[in-house]
Amino acid sequence: MAKQLYIETVGCQMNMLDSELVVASLRKAGYELTDSAKNADTILFNTCSVRQHAEDKIYSALGRLKHAKTHNPGKIIGVLGCMAQKDQKLIFERAPYVDLIVGPGQLHQIPELLEKIAAGDGQQLEVSLDRKAGSRHEVEQSFESYDPLRDPSMRPTPFQAFARIMIGCDKFCTYCIVPSVRGPEQSRPASQILAEARQLAGEGCREITLLGQTVNSYRHEADGRMWRLSDLLVALEDVSGIDRVKFVTNYPKDMTDDLLQAVRDLPKVSTYLHVPAQSGSNRMLKMMKRGYTVEEYREMMSRIRATVPEATVTSDFIVGFCGETDEDFAETVELVRESRFKNSFIFKYSERPGTKSADLFPDDVPEDVKKRRNNQLLAIQNAISEEDNQPFIGRQVEVLVEGPSKNAIKHGEDERPVVQLVGRTMCDRIVVFDGNRRQIGQLLDVAVYDANAFTLFGSVVTSHVGPEVYSL
Ligand code: SAH
Ligand code: SF4
Ligand code: F3S
């Protein structure tokens, strides 16, 4: 019988893509995917270190597996990704029954490492030894270069896929662990990305999301020309089968006019821009080493509004960063009020060992203050989201249908032919409407009749039946 693989993924879209590649390589090695950890022969956790909470979740999941090998001594437990790179053999110390630790740059070695473990070679650990080890050469040997192995079952939906255009990060924001676990910033050749997009289109993908920690810093020189993100978007416009192209996450300083013009002019490019501000206080931005002032962020916002008026902008904020006062926080509130983001992801500062801010500044904002600021900012953002969704009522939007809605799944109705469906607009708004399962994966016009802060509610616009239908 085929070996059963269970995989759990936390963290960002990079990790979701990595898990897809790991699963594809293990299927090739004869594994089957299962959703039961209990019955699995191999359990893998693809981990995140961005906040303490993400790590705690994995360590407690590992804790629950303490006796997992009693019934099945051959069971293999592996920890992959950013926390594997950060904690390395500490994971063996905290959970001695773990068999495998693999960093984000070594994931392609997993099939071989699992074989070694099965052959009785004992625990295996493969991580980058220093940041330089994540060099272009090493990357070229890994999944992070072009790898034709993909697995549609691991995608958000069969017709939506991620494609990595950059790996790593060199920005070193003082609070952030990503540069030390994901290695140096490198852009992939445009030719590889375009080949991957064509392959994905061939597999039935209609939407591609380009990934990079600072995706708009993309730069790659090939054949005597410099490719920027805007050039890549122009080239992707010609990939037939692909109807929508998104890209995340943008770095405010690199939001150049050529990119905004590409978003305005290219019909397939989503009018959705995720450009995290992190704070509205210059004092905080400086301590975070974000590389811009709030005035520069505002200037960028007005360029976005002037060039692509229909664009939706979303942001991330960290509240309770080292030494953040009520005045600093008030400046963040002000920025949120005036920027009218579609939504904001708000995080309480979590000190990460090994980062600059952990070394330099005490984590001195009390937990209850962090919590209060988080809730306050979220309430302000949600009120704005709700207000800005109201003008959609009475309008028609084009939706890429993703599948049955959460509600339909919760009520066990997702297999019915007529079902509540969910999809997204070009500007990344979520739309819920009643439809037919065969409409999943299609682009449909939906008339919106209601809206709250997070969702538009609508009904499918019945297509016009032209005379040619009767001419048969
Ligand atoms: N590369 C992306 C984001 C990477 S992490 C960017 O630069 O925008 C995603 C989000 O997690 C960040 O935008 C930030 O808001 C948050 N984050 C990162 N490190 C954090 C920390 N130590 N504590 C709390 N939130 C953090
Ligand atoms: Fe982290 Fe800053 Fe790099 Fe984003 S840009 S991954 S926040 S260091
Ligand atoms: Fe987390 Fe690693 Fe992504 S730390 S946010 S999974 S790059």
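Residues numbered from 1 in each chain as written. Chains lettered and ligands numbered in written order. Predicted model: local features only at pLDDT ≥ 70, side-chain atom pairs only at ≥ 80, totals over all residues. Heavy atoms only, no water.

1. Description of the overall build of the protein chain
Broken down by element type, the protein chain carries 16 helices and 21 strands. Here the C-alpha radius of gyration of the protein chain, 23 Å, is about what a compact globule of 472 residues would show, namely 23 Å. Along the three orthogonal principal directions, the C-alpha set of the protein chain runs to about 70 × 65 × 55 Å. In the protein chain, buried positions account for 54% of the 472 residues. Counting only contacts in the protein chain whose residues sit at least 6 apart along the sequence, the fraction spanning at least 24 positions is 71%. Summing over all exposed atoms, the protein chain offers an accessible surface of approximately 21200 Å²; the carbon and sulfur share of this is 52%. Charge-centre separation for the protein chain: the mean point of 58 positive side chains lies 2 Å from the mean point of 67 negative side chains. (Helix = DSSP H or I, 4+ residues; strand = E, 2+ residues; numbered from the N terminus. Rg over C-alpha atoms; globule rule 2.2 N^0.38 Å. Buried < 20%, exposed > 50% of the residue type's maximum accessible area, 1.4 Å probe, protein only. Contact = heavy atoms within 4.5 Å. Areas by Shrake-Rupley, 256 points an atom, 1.4 Å probe, with all protein chains shown as cover. Lys, Arg positive; Asp, Glu negative; His and termini not counted. Charge placed at Lys NZ, Arg CZ, Asp CG, Glu CD.)

2. A short note on helix 1 (residues 13-28)
Look at helix 1: 23 Å from first C-alpha to last across 16 residues, which is about the 22 Å you get at 1.5 Å a residue. Burial of helix 1 is extensive: 12 of the 16 residues sit out of reach of the surface. Along helix 1, the residues classified as buried are M14, N15, L17, D18, S19, E20, L21, V22, V23, A24, S25 and L26. (Expected span 1.5 Å × (residues − 1).)

3. Structural notes on the site of ligand 3
Every residue near ligand 3 is listed here: G11, C12, N15, C48, S49, V50, C82, R182 and Q213. For the shell around ligand 3, the per-class residue count stands at four nonpolar, four polar and one charged. (Near = heavy atom within 4 Å. Nonpolar A, V, L, I, M, F, W, Y, C, P; charged D, E, K, R; others polar.)

4. Here we look at the site of ligand 1
Around ligand 1 sit 15 residues, and of these R51, Q213, Q278, D316 and S350 come closest. Note that a nitrogen atom of ligand 1 is positioned 2.8 Å from one of the backbone N or O atoms of S350. Mapped onto the shell around ligand 1, the elements with two or more residues apiece are strand 15 (312-319) and strand 16 (344-348). Each residue belonging to the shell around ligand 1 can be placed in one class, and the counts come to six nonpolar, four polar and five charged. Inspection of the shell around ligand 1 shows a minimum of three residues originating in each of domain 2 (155-270) and domain 3 (276-292 + 299-390). (Polar contact = N/O pair within 3.5 Å; in protein donor to acceptor, adjacent residues only side chain to side chain. Domains from an automatic or database assignment.)

5. Thoughts on the environment of A197
For A197, the position within the fold is in helix 8 (residues 190-202). Classification of A197 as buried rests on a relative accessible area of 2%. Between the alpha carbons of A197 and A161 there is a distance of 9.2 Å; along the sequence they are 36 residues apart. Leaving out residues up to four positions away in the same chain, A197 has contacts with I208, L236, V239 and I242.

6. Remarks on the packing of helix 9 (residues 229-236) against helix 10 (residues 257-265)
At a closest axis distance of 8 Å, the pairing of helix 9 and helix 10 adopts a crossing angle of 20 degrees. Considering the angle they form, helix 9 stands roughly parallel to helix 10. Considering only the axes of helix 9 and helix 10, their crossing is left-handed. On helix 10, the residues touching L229, S230 and L233 of helix 9 are D258, L259 and A262. When grouped by side-chain class, the residues that make up the contact of helix 9 with helix 10 number four nonpolar, one polar and one charged. (Axes fitted to C-alpha atoms, helices over the stretch in contact; angles between N-to-C directions. Parallel < 35°, antiparallel > 145°, perpendicular 65-115°, else oblique. Left-handed = near helix turned anticlockwise from the far one by under 90°.)

7. Here's the deal with unusual backbone geometry
Cis geometry is adopted by the peptide bond preceding T249, which originates at V248 and carries an omega value of -5 degrees. Counting through the fold element by element, T249 comes out in the loop between strand 13 (244-248) and helix 10. The phi torsion at F172 lies on the positive side, around 50 degrees, for a residue other than glycine. Within the secondary structure, F172 sits in the loop between strand 8 (166-167) and helix 7 (178-182). Not every positive phi belongs to a glycine, and Q278 is a case in point at roughly 75 degrees. Looking at the secondary structure, you find Q278 in the loop between strand 14 (272-274) and helix 11 (282-288).

8. Overview of the confidence of the model for the protein chain
Per-residue pLDDT for the protein chain averages 94, and the proportion of residues at 70 or more is 97%. Here residues 465-472 scores under 50 on pLDDT; set against residues more than four positions off or in separate chains, the count is one contact. (pLDDT = per-residue confidence, 0-100.)

9. Overview of the nonpolar core
Most often, soluble globular proteins have nonpolar side chains that are buried together. In this structure, L210, L229, L233, F247 and I304 are the most contacted members of the largest nonpolar core, which totals 55 residues. Broken down by element, the residue count for this core peaks at six residues, all from helix 8. Two domains share this core, each providing at least three of its residues, namely domain 2 (155-270) and domain 3 (276-292 + 299-390). If we skip the residues at most four places from it in the chain, I304 touches M255, L260, L273, V275, P309, A311 and V313. Listed in part, the 25 residues of the second largest apolar core include L80, L100, L107 and L113. (Core = buried A, V, L, I, M, F, W, Y, C linked by side-chain atoms within 4.5 Å.)

10. Description of the pattern of salt bridges
Evaluated as defined, the whole model comprises 34 salt bridges. The closest approach of N and O atoms between R164 and D18, which form a salt bridge, is 2.9 Å. On the criterion of sequence distance, the pair formed by R164 in strand 7 (residues 160-164) and D18 in helix 1 is long-range, its members being 146 residues apart. One exposure class covers both R164 and D18, and it is buried. A salt bridge links D388 to R340; the shortest N-O distance between them is 3.0 Å. (Salt bridge = Lys/Arg side-chain N within 4 Å of Asp/Glu carboxyl O.)

11. Side note on the sheet that holds strand 18 (residues 418-424)
Spatial ordering of the closed barrel is given by 17-18-19-21-20, a layout of five strands whose pairing is mixed. Strand-to-strand, the axes of this sheet are offset by a mean angle of 50 degrees, without reference to chain direction. Examined bridge by bridge, strand 20 (residues 443-451) and strand 21 (residues 455-460) share five bridges and lie antiparallel to one another. Residue pairing for strand 21: A447 is matched across the bridge by S459. (Pairing = 2+ DSSP bridges.)

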